[in-house]
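# Fold and geometry: a report
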Amino acid sequence: MFKLDRKLTTIGMVLVAGVTFSVMTACAAESKDGAKESKKAAAETSNSATVGVYASKPGALDGGVTYPRENGIYTAYRYNTQSTKGVNPGRAATANEIKAWDLDALPDGSGLPEGEGSVELGDELYEAQCAVCHGEFGAGGSGYPQLSGGNMDKDENGVIITLKNQRVYGSTDAPKRTVGTYWPVATTLFTYIRDAMPYAHPKSLSNDETYAITAYILAQNEIEIDGEEMDDEYVLNKEKLAKVVLPNRDGFYPNIDGPNAIEDIRAFYADRAKNIGAGTRCMTDCKDPGGPDGKTPAAVMEIKYEMSDVTPPYAYDKTLPPKKKDENAHPGKEAYEANCVLCHKTDAMGAPAVGDKAAWDIVMKKGLDKVYHNTIHGINGMPAKGGTSLPDDKIKQMVDYMIEASK
Amino acid sequence: MNKTLETEELDSTSRREFFKTTASVGTIAATSMLVPNTVLADDENIMHHVKWGTTLGHEVNKFPYGMPPLYEHNVVRRTSPLMSSAGDMHAAISMTPLADLSGIIVPNGLHFTRTHNGVAQVDPNKFRLMIHGLVEKPIVLTLDELKRYPSESRILFMECPSNSAAEWKGPQFGSLQMAKGMMSCAEWTGVRLKTILDELGLKPEAKWMLAEGSDGSEMSRTVPVEKVLDDAMIVWGQNGEALRNEQGYPVRLMLPGWEANLCVKWLKRLEFGDKPWYAKEETSKYTALTASGKAIQHFYANEVNSVITYPCPERDWTDLKKGDVVEIEGLAWTGHGTIKGVDISFDGGKNWVEAQLKGLVLPKAWTRFSYMHKYDGKPMLLQSRSYDDSDNVQPTVNQEKAVVGVEGVYHRNAIMTWKITDMGKVSNVQVRS
């Protein structure tokens with residue numbers, strides 16, 4: 001879009017300079033009525049400008065603003081202005097504790113542990129512990145991340161060609177993001193596998209084993225170290241891992257390394273229209289062409305294949321949830337609770353209370369058949385079948401439950 | 001907590017009767033406004049005593065930890081195997097039911113959740129936080145000790161940078177929840193990292209901070225110290241109570257406005273250094289591959305964004321009649337600062353009107369917008385477009401695509417479109433080339 005429309009390109013820049021409302025008007029000026037509308041709108045907005053305006057300062061690292069923290073006020077919040085000096089909980093970390101937890105490694109290899117492992121051993125370990133999810137040779141296939149494969153050829157600018165694949169026009173392959181085609185540094189592979197894999201048993205691999213598996217995965221990605229191919233006998237260690245330069249090492253921006261990193265990042269996010277995309281506040285008669293030529297008018301695109309495999313399934317009604325069946329419950333329990341519990345919860349109505357062992361001991365002296373009979377035909381305050389018309393078998397089941405629950 | 005019938009019982013017969021009644025009343029209510037008074041049927045719910053008015057309710061503390069009404073049991077997070085690794089629900093994401101929420105605070109049980117190695121269950125007694133590296137005084141804290149720092153609270157949104165990642169190439173999900181629900185907003189309480197560092201003495205060479213989680217994936221990320229000193233926090237409170245396990249109990253890092261993955265959960269260690277670490281979640285993942293074949297790394301803030309929450313596919317306009325006046329409502333948010341305003345289009349982005357903001361307008365928090373609309377029964381393409389105090393305007397699909405392409409996965413903030421039919425049905429579409 002920016003390529004296409006000069007006017008909008010300029011507007012994008014005005015935007016960055018920080019004059020939102022003039023942008024809106026300028027954009028709308030394409031149509032006369034629009035200009036009037038927008039000016040009115042702009043005025044209204046400026047009138048209500050006290051809400052949500054917190055003396056912002058531009059130039060934050062992420063391209064946004066920062067807010068002053070002064071005199072007990074930070075944006076909409078108050079804070080305690082008294083000194084926090086001397087609030088000093090906790091204790092000094094011991095050298096051993098730091099050693100135990102500080103296991104990370106930097107791209108230059110610092111922090112990597114001693115140890116070594118061969119591609120051959122890595123192959124064995126990988127087959128046994130990783131292939132089930134990540135596929136033979138790391139080739140993926142089961143839906144878990146693919147660790148190797150993908151074309152690593154580069155164009156004249158050193159960009160991996162397949163990473164430019166865009167699955168939007170025609171049937172292009174997806175860009176593959178494997179260790180060989182996408183990852184920038186190899187130390188990440190070592191620390192990640194050691195700390196987080198195998199998936200269900202993280203931190204179960206020794207340093208030697210981790211070197212071996214890392215070697216195997218690098219070998220599957222046809223990585224060379226110092227010009228040397230990684231054959232089965234190749235043994236990886238700290239020094240060698242630090243020398244690995246992965247094919248896509250330069251495939252990322254903004255620059256985050258070296259003394260200028262922070263300012264490079266700031267400059268990158270300051271130019272958001274160019275670097276990450278930005279909108280324009282056009283109000284009327286807005287045009288929004290795009291497509292491969294940048295000129296195709298926008299049209300409505302509907303869902304082609306709806307992803308409707310959702311858990312729990314979509315449901316929006318305000319009804320009670322379906323009753324959960326308690327698998328282990330006595331088969332007579334539910335019917336007892338629905339039909340008998342009112343009289344049998346306590347002895348207030350002269351009924352033997354369920355759970356009252358002594359009362360049921362007396363009942364049971366009559367013998368089970370008699371008790372069934374009394375329940376089905378009624379006795380004194382006990383109506384026949386408890387006032388229900390359930391089949392005899394069911395009534396007996398409920399009696400069984402009452403006896404069971406009163407032992 | 002599970003909303004099941006184990007905790008609240010209605011016997012099956014009375015439940016059936018209840019439905020019979022409500023069903024017939026529902027039909028009456030739907031037509032009643034059209035019919036003159038004389039032929040209106042009397043509403044059973046008014047003419048007869050209701051069940052809960054003629055019986056004793058539950059004892060006051062039947063649920064020592066309160067639960068939503070059972071009738072609300074469909075208001076839950078939802079997930080999809082399509083958004084996980086091979087359908088494995090330990091490396092997956094569950095979405096907030098945005099259509100059912102009011103205001104800007106998401107209840108803790110509905111906060112969206114993304115995990116890389118399952119939801120860790122940390123024993124708070126064994127929790128330790130280590131802060132070391134380029135500081136004068138490396139320390140270890142227990143949870144109680146950490147909480148001795150003076151606390152502050154902030155209402156902040158959290159958004160997974162993969163929010164609507166499935167939709168770069170076109171619309172895919174038929175609901176607001178699945179299309180945009182990888183985000184939530186809550187009040188977070190904790191200590192500003194600057195307060196801690198003032199005591200520990202940050203060395204001037206310190207440019208970066210490694211934040212590491214204690215879960216099975218040892219999730220870690222590199223954060224620039226500039227952000228740490230500006231507004232970063234370590235939080236232990238979520239809407240007034242302890243963080244949920246899903247949100248990193250007992251403690252997570254909070255970087256206001258920045259992608260939620262950077263706000264490391266189950267926090268264990270902060271190390272200060274002079275170089276970035278290149279963790280897995282800032283190299284292999286959470287980098288946005290653009291059409292140039294190169295990828296944006298250290299992608300921090302969630303960009304200016306908005307979505308209309310009513311109407312939406314879940315709560316459509318099929319019950320409206322021509323001439324009804326209805327409030328269009330939505331959420332706007334920006335990780336770059338504070339929402340300044342929101343525009344609404346009824347014709348797929350050709351013409352726009354200004355909506356109004358309502359409620360609290362806070363930095364890096366959800367902001368509600370509202371527009372009163374007279375429904376005319378015509379089909380429309382409804383859109384919202386937000387802008388913020390950092391001069392960001394939400395882009396169209398084409399505008400974003402022109403810079404990023406369609407394989408970026410992360411940080412998608414293009415304008416969304418609800419297509420509304422003449423019957424008031426709402427579906428998720430995109431206006432694009």
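Residues numbered from 1 in each chain as written. Chains lettered and ligands numbered in written order. Predicted model: local features only at pLDDT ≥ 70, side-chain atom pairs only at ≥ 80, totals over all residues. Heavy atoms only, no water.

To keep things clear, this is the line we draw: UniProt positions are given in the numbering used here, feature names are shortened, and annotations may be inferred rather than shown by experiment.
Per an unreviewed UniProt entry, chain B goes by Sulfur oxidation molybdopterin C protein and derives from uncultured Sulfurovum sp. The UniProt entry for chain B carries the following text under Cofactor (unreviewed entry): "Mo-molybdopterin".

Under an unreviewed UniProt entry, the name given to chain A is Membrane c-type cytochrome cy, and the source organism is uncultured Sulfurovum sp.

## Brief notes about the overall build of chain A
Selection rule: For helices the rule is a DSSP run of H or I covering at least 4 residues; for strands it is a run of E covering at least 2, with both sets numbered from the N terminus onward. When accessible area is computed with a 1.4 Å probe and restricted to protein chains, residues below 20% of their type maximum are described as buried, those above 50% as exposed, and intermediate ones as partly exposed. Here, two residues are considered to be in contact whenever any of their heavy atoms come within 4.5 Å of each other. Note on areas: these come from Shrake-Rupley sampling with a 1.4 Å probe, and a residue is covered only by the protein chains present in the view.
The secondary structure content of chain A amounts to 16 helices and 10 strands. Counting over 407 residues, chain A shows a buried share of 41%. Put simply, of all contacts in chain A between residues at least 6 apart along the chain, 52% involve residues at least 24 apart. Accessible area of chain A: about 22400 Å², with a carbon and sulfur share of 53%.

## Things to note about the pattern of salt bridges
Oppositely charged side chains can form a pair if their charged atoms are brought close together. The test is simple: Here a salt bridge means any side-chain nitrogen of Lys or Arg lying within 4 Å of a carboxyl oxygen belonging to Asp or Glu.
Scanning the entire structure with this criterion turns up 44 salt bridges over all chains. The closest approach of N and O atoms between Lys164(A) and Asp155(A), which form a salt bridge, is 2.6 Å. Put simply, Asp102(A), Asp104(A), Glu212(B), Arg269(B) and Glu271(B) are held in one network by salt bridges that share partners.

## Focus: the interface of chain A and chain B
Here is the rule we go by: What counts as buried area is the accessible surface, traced by a 1.4 Å probe, that two parts surrender upon association, with contributions from both included. In protein, a polar contact requires one atom able to donate a hydrogen and another able to accept it; more generally it is a pair of N or O atoms within 3.5 Å, and residues adjacent in sequence count only if both atoms are side-chain atoms. Just so you know the grouping, Ala, Val, Leu, Ile, Met, Phe, Trp, Tyr, Cys and Pro go in nonpolar, Asp, Glu, Lys and Arg go in charged, and all remaining residues, Gly too, go in polar. Between any two strands, pairing holds if DSSP finds at least two bridges.
At the junction of the two partners, chain A supplies 135 residues and chain B supplies 144 residues. Note on chain A versus chain B: buried area summed over both sides is about 12100 Å², and carbon and sulfur give 56% of it. Across the contact surface, chain A and chain B share 13 salt bridges. Of the charged contacts in the structure, one is a salt bridge between Arg167(A) and Glu407(B), with a shortest N-O distance of 2.8 Å. Our count for the contact surface shared by chain A and chain B stands at 70 residue pairs in polar contact (both at pLDDT 80 or more). Ranked by residues supplied to the side of chain A that touches chain B, first place goes to helix 10 (residues 261-270) of chain A with six residues. Classifying every residue of the side of chain A that touches chain B by side-chain character gives 76 nonpolar, 29 polar and 30 charged. Pairing of strand 4 (residues 91-92) of chain A with strand 5 (residues 139-141) of chain B, which is carried by two bridges, proceeds in the antiparallel orientation. Within strand 5 of chain B, the position partnered with Arg91(A) by the bridge is Val140(B).

## Observations concerning the UniProt feature "domain: Oxidoreductase molybdopterin-binding" (unreviewed entry) in chain B
Under the UniProt annotation, "domain: Oxidoreductase molybdopterin-binding" (unreviewed entry) lies at residues 116-276 of chain B. Between the C-alpha atoms that bound residues 116-276 of chain B the distance is 21 Å, and the span itself is 15% helix and 34% strand.

## Some details on the UniProt feature "domain: Moybdenum cofactor oxidoreductase dimerisation" (unreviewed entry) in chain B
As annotated in UniProt, the feature "domain: Moybdenum cofactor oxidoreductase dimerisation" (unreviewed entry) corresponds to residues 300-416 of chain B in the numbering used here. The distance from the first to the last C-alpha atom of residues 300-416 of chain B is 22 Å, and the span holds 7% helix and 38% strand.

## Focus: the sheet that holds strand 3 (residues 113-115) of chain B
All names here are of chain B. Spatial strand order, 1-2-3: three strands in an open sheet with antiparallel pairing. Single-partner strands in this sheet number two, and they are strand 1 (78-79) and strand 3. Two elements, strand 2 (residues 92-95) and strand 3, share three bridges in a ladder whose sense is antiparallel. In the sheet register, Ile93 faces strand 3, and the bridge partner there is Arg114.

## Thoughts on the environment of Thr113(B)
All names here are of chain B. With respect to the secondary-structure elements, Thr113 resides in strand 3. Along the backbone, Thr113 and Met182 are 69 residues apart, and their C-alpha atoms lie at a distance of 7.6 Å. Aside from chain neighbours lying at most four places away, what touches Thr113 is Arg77, Ala92, Ile93, Ser94, Glu246, Gln247 and Lys265. A polar contact is formed between the side chain of Thr113 and the backbone oxygen of His111, at a distance of 3.3 Å.

## Overview of the state of the cysteines
Cut-off, in case you're wondering: For the purposes of this analysis, a disulfide is any pair of cysteine sulfur atoms at a distance within 2.5 Å.
In the structure shown here, the tally under the stated rule is one disulfide over all chains. Sulfur-sulfur distance for the disulfide between Cys282(A) and Cys286(A) comes to 2.1 Å. Sign of the S-S torsion, about -100° for the bond between Cys282(A) and Cys286(A), identifies this disulfide as left-handed. For the pair Cys282(A) and Cys286(A), one class covers both residues: buried. Between Cys185(B), a free cysteine, and Cys263(B), which holds the nearest cysteine sulfur, the sulfur-to-sulfur gap is 13 Å. You can see Cys263(B) has no disulfide; the closest cysteine sulfur is in Cys160(B), sitting 11 Å from it. A residue is classified by how much of its surface remains accessible, and Cys263(B), at 1% relative accessible area, is buried.

## Observations regarding the side chain of Glu259(B)
Tracing the backbone shows Glu259(B) in the loop between strand 12 (252-254) and strand 13 (267-273). If we ignore the near neighbours within four places in the chain, the residues touching Glu259(B) are Glu159(B), Pro161(B), Arg221(B), Tyr286(B), Phe299(B), Tyr300(B), Asn302(B) and His411(B).

## Let's talk about the environment of Arg272(A)
Turning to its location among the elements, Arg272(A) is positioned in helix 11 (residues 272-275). Taking the C-alpha atoms as reference points, Arg272(A) and Arg177(A), separated by 95 residues in sequence, lie 25 Å from one another. Dropping the residues within four chain positions of it, Arg272(A) is found in contact with Gly63(A), Gly64(A), Gly277(A), Ala278(A), His336(B), Ser390(B) and Asn392(B). Within polar-contact distance, the side chain of Arg272(A) engages the side chain of Asn392(B) at 2.5 Å.

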